[in-house]
Amino acid sequence: QVQLVESGGGLVQAGGSLRLSCAASGSIFSFNDMGWYRQAAGKQRELVATVAKGGWTNYVDSVKGRFTISRYNGDNTVYLQMNSLKPEDTAVYYCAADRGVLSHWSTVDYWGQGTQVTVSS
């Protein structure tokens, strides 16, 4: 059983930056996809960014060019660098791991506990 622990959330002004970290208790090499989801108040959880074992990345259109996901298998860590933050990025951000392909939130193998990101205008 792998545990995922997020850190790095907080309050930031619009236009600012934050870096989220996800530390796994065990090896992440066995997971094909690692990624980040977010859930804003009253909304469904959405997939924000994924990084595959081979390094390929995908982003939801609303964060392309602003967010960067990275994965370090040796350190069992995944990061989400978030720049040019907007108030609409406000949400709880969750780290996720899957032996297959990350897609709908209901099929994810492992979740972190979430970290709050609040962007003020």
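Residues numbered from 1 in each chain as written. Predicted model: local features only at pLDDT ≥ 70, side-chain atom pairs only at ≥ 80, totals over all residues. Heavy atoms only, no water.

1. Quick look at the overall build of the chain
The criterion, for reference: Helix and strand definitions here come from DSSP, where helices need a minimum of 4 consecutive H or I residues and strands a minimum of 2 consecutive E residues; each element is numbered from the N-terminal end. Throughout, the radius of gyration refers to the C-alpha atoms, and the reference size of a globule is 2.2 Å times the residue count to the power 0.38. Whether a residue is buried, partly exposed or exposed follows from its accessible area with a 1.4 Å probe, protein chains only, as a fraction of its type maximum: under 20%, in between, or over 50%, in that order. The contact rule is simple, with two residues in contact once any of their heavy atoms fall within 4.5 Å. Surface exposure here means Shrake-Rupley accessible area, sampled with a 1.4 Å probe, where a residue is shielded only by the protein chains that are shown. We score Asp and Glu as negative and Lys and Arg as positive, and we do not count His or the chain ends. Charge positions are represented by NZ for Lys, CZ for Arg, CG for Asp and CD for Glu.
Of the regular secondary structure elements, the chain holds zero helices and eleven strands. Reading the secondary structure of the chain in the N-to-C direction produces β-β-β-β-β-β-β-β-β-β-β. In terms of C-alpha radius of gyration, the chain reaches 13 Å, essentially the compact-globule figure of 14 Å for 121 residues. When the backbone C-alpha atoms are referred to their principal axes, the chain occupies close to 40 × 25 × 25 Å. Counting across all 121 residues of the chain, residues that qualify as buried make up 43%. Pairs at least 24 residues apart make up 58% of the contacts formed inside the chain by residues separated by at least 6 positions. On the chain, roughly 6,100 Å² of surface is accessible, and the fraction owed to carbon and sulfur atoms is 49%. One way to put it: in the chain the 10 positive side-chain charges average out to a point 2 Å from where the 9 negative ones average out.

2. Details of the side chain of Thr50
Take Thr50: it is sitting in strand S5 (residues 46-52). Non-local contacts of Thr50, meaning those with residues more than four positions away in its chain, are made with Asp33, Met34, Gly35, Trp56, Thr57, Asn58, Ile69 and Leu102.

3. Some remarks on the environment of Ala24
With respect to the helices and strands, the residue Ala24 is situated in strand S3 (residues 18-24). The class of Ala24 is buried, set by a relative accessible area of 15%. Linking Ala24 and Val2, residues 22 residues apart in sequence, is a C-alpha distance of 6.5 Å. Residues in contact with Ala24, not counting those within four places in the same chain, are Val2, Gln3, Leu4 and Asn76.

4. Details of the state of the cysteines
Quick reminder of the rule: Criterion for a disulfide: a pair of cysteine sulfur atoms at a distance within 2.5 Å.
In the structure shown here, the tally under the stated rule is one disulfide. Put simply, Cys22 and Cys95 are joined by a disulfide, and their sulfur atoms are 2.0 Å apart. Handedness of the Cys22-Cys95 disulfide follows from its S-S torsion of about -80 degrees: it is left-handed. Here Cys22 is found in strand S3, whereas its partner Cys95 is found in strand S9 (residues 91-98), with 73 residues between them in sequence. Cys95 sits in the buried class, given a relative accessible area of 0%.

5. Focus: unusual backbone geometry
In this model, Asn76 sits at a positive phi of 55 degrees, which is unusual for a non-glycine residue. Within the fold, Asn76 resides in the loop between strand S7 (67-72) and strand S8 (77-82). In this structure, Ser84 is a non-glycine residue whose phi angle is positive, near 50 degrees. Residue position: Ser84 is located in the loop between S8 and S9. A relative accessible area of 40% places Ser84 in the partly exposed class.

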